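Notes for the structure review
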Amino acid sequence: TPISWADVTNIATLAGQLGIAEDLISGFTETVSQFAATTDLSVEASATAFGRLDQLISGVDGQFENLGSAILAVGVDSVATESQIVQVAQNIASMGNLAGLSASEIIGLSGALASLGIRPELARGTVTRLFSNIGKSAALGGKELEEFSRLTGRTADEFVSAWSSDPGAVLQDFFDGINSEGPRAERTLRELGITS
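Positions within a chain are numbered from 1, following the residues in the order the chain's sequence is written. Local features in a predicted model are, by the rule used here, given only for residues with pLDDT of at least 70; side-chain atom pairs are given and counted only at 80 or more, and totals for whole chains, interfaces and linings are based on all residues. Computation of side-chain values covers all heavy atoms of the structure but excludes hydrogens and water.

Some details on the pattern of salt bridges
In a structure, side chains of opposite charge can pair up when their charged atoms sit close to one another. Threshold: Here, a salt bridge means any Lys or Arg side-chain nitrogen found within 4 Å of an Asp or Glu carboxyl oxygen. Exposure is judged per residue with a 1.4 Å probe applied to protein chains only, and the accessible area is read against the type maximum: over 50% gives exposed, under 20% gives buried, and values in between give partly exposed.
For the structure on display, the rule yields seven salt bridges. Across the pair Arg119 and Glu121 runs a salt bridge whose closest N-O atoms are separated by 2.9 Å. When its relative accessible area of 48% is taken as the criterion, Arg119 is described as partly exposed. In the salt-bridge network here, residues are joined through shared partners; they are Glu147, Arg150 and Glu181.

Quick look at the packing of aromatic side chains
Condition: We call Phe, Tyr and Trp rings a pair once their centres come within 6.5 Å, taking the six-membered ring for Trp, and we label the pair stacked below 30 degrees between planes, edge-to-face above 60, and tilted otherwise. To qualify as a helix, a DSSP run of H or I must reach at least 4 residues; to qualify as a strand, a run of E must reach at least 2; elements of each kind are numbered from the N terminus.
Per the stated rule, a full pass over the model turns up seven aromatic pairs. Pairing Phe28 with Phe64 gives two aromatic rings, centres 5.0 Å apart and planes at 80°, and the pair type is edge-to-face. Placement of the pair is Phe28 in helix H2 (residues 25-38) and Phe64 in helix H4 (residues 64-77), with a sequence separation of 36 residues. Taken together, a centroid distance of 5.9 Å and an interplanar angle of 20° make the contact between Phe148 and Phe159 stacked. Residue Phe148 is located in helix H8 (residues 143-152), and its partner Phe159 is located in helix H9 (residues 156-165); the two are separated by 11 residues in the primary sequence. In terms of burial, Phe148 and Phe159 fall into one category: buried.

As for the side chain of Thr188
To keep things clear, this is the line we draw: Any pair of nitrogen or oxygen atoms within 3.5 Å is treated as a polar contact; in protein, a donor-acceptor pairing is required on top of that, and neighbouring residues in sequence qualify only through side-chain atoms on both sides. The contact criterion used throughout is that any non-hydrogen atoms of two residues lie within 4.5 Å.
Mapped onto the fold, Thr188 is located in helix H11 (residues 185-191). Judged by relative accessible area, Thr188 falls into the buried class, the value being 0%. One polar contact links Thr188 to Glu181, side chain to side chain, over a distance of 2.6 Å. Not counting residues up to four positions away in its chain, the partners in contact with Thr188 are Glu147, Arg150, Leu151, Ile178 and Glu181.

Digging into the packing of H8 against H9
Heads up, the condition is: Note on definitions: angles span 0 to 180 degrees between N-to-C directions of axes, and those axes are lines fitted to C-alpha atoms, for helices only across the stretch in contact. Angles are sorted into four bins: roughly parallel if under 35 degrees, roughly antiparallel if over 145, roughly perpendicular if 65 to 115, and oblique for all others.
It is at 9 Å that the axes of H8 and H9 come closest, and there the two elements cross at 80°. In this view, H8 runs roughly perpendicular relative to H9, as classed from their interaxial angle. Residues Leu145, Glu146, Phe148, Ser149 and Thr152 of H8 form the contact with H9, whose participating residues are Ala156, Phe159 and Val160.

Quick notes on the packing of H2 against helix H3 (residues 43-56)
Relative placement of two packed helices is described by the angle separating their axes and the distance separating the axes. Heads up, the condition is: Each crossing is labelled by how the near helix is turned from the far one, with a counterclockwise turn of less than a right angle marking it left-handed and a clockwise turn marking it right-handed. Polar here means any residue outside two lists: the nonpolar Ala, Val, Leu, Ile, Met, Phe, Trp, Tyr, Cys and Pro, and the charged Asp, Glu, Lys and Arg; Gly therefore counts as polar.
Relative orientation of the contacting elements H2 and H3 amounts to 130°, with a least axis distance of 9 Å. Here H2 lies oblique to H3, going by the angle between them. Between H2 and H3 lies a crossing of right-handed hand. Note on element contacts: H3 touches H2 through Val43, Ser46, Ala47, Phe50 and Gly51, opposite Phe28, Thr31, Val32, Phe35 and Ala36. Here the residues of the contact of H2 with H3 sort into seven nonpolar, three polar and no charged.

Description of the nonpolar core
As a reminder of what qualifies: Here, nonpolar core means buried Ala, Val, Leu, Ile, Met, Phe, Trp, Tyr and Cys residues that are tied together by side-chain atoms lying within 4.5 Å of each other.
Formed by 58 residues in total, the largest nonpolar core has its most connected members in Phe28, Ile107 and Phe131. When residues in this core are grouped by element, the largest group, eight residues, is from helix H5 (residues 82-99). Here Ile107 is in contact with Ile57, Leu67, Ala70, Ile71, Val74, Ile85 and Ala89, once residues within four sequence places are set aside.

By themselves, these observations are geometric and do not establish any function.
This is how it looks when you write it as structure tokens:
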């Protein structure tokens, strides 16, 4: 990895400051070095991002190589840079965790939002409202639940069950359903209380 020894020791120092467990510091340092050498993030920004995402996203659990691979794969397959993906991921991680999304699903959703040019703080607000609306509909039932169910190709009971067991698949189906609405998509979203 084309990185200086000073940078390597700096990464290890940052790992300690970020609360990375001692037995993970070696892998953390190696992954961050490789990530910084191949992306638009500096060594310090990469180390800080990996440390924060490890704390913010359930399921990372020190698997830094998997985290870096996911971010790189999304960066290659989208029009977002790795730094944009990381910024959005840091902002939507808590809602993604509450909804039950996996670490890779949070990174994928972050890449999609970043590709749309949505600022990280706006992405957080949008995801919070969307997930809150879906959760409220699943809990209370009614017209909104029927509409979410229709858009995802499920019955109301199937929707509620899937939202609690596989929210990533529900979101994908929801986005596909909205896409199939064509010119009516914006009106459908507004009827569901999704206005941003």
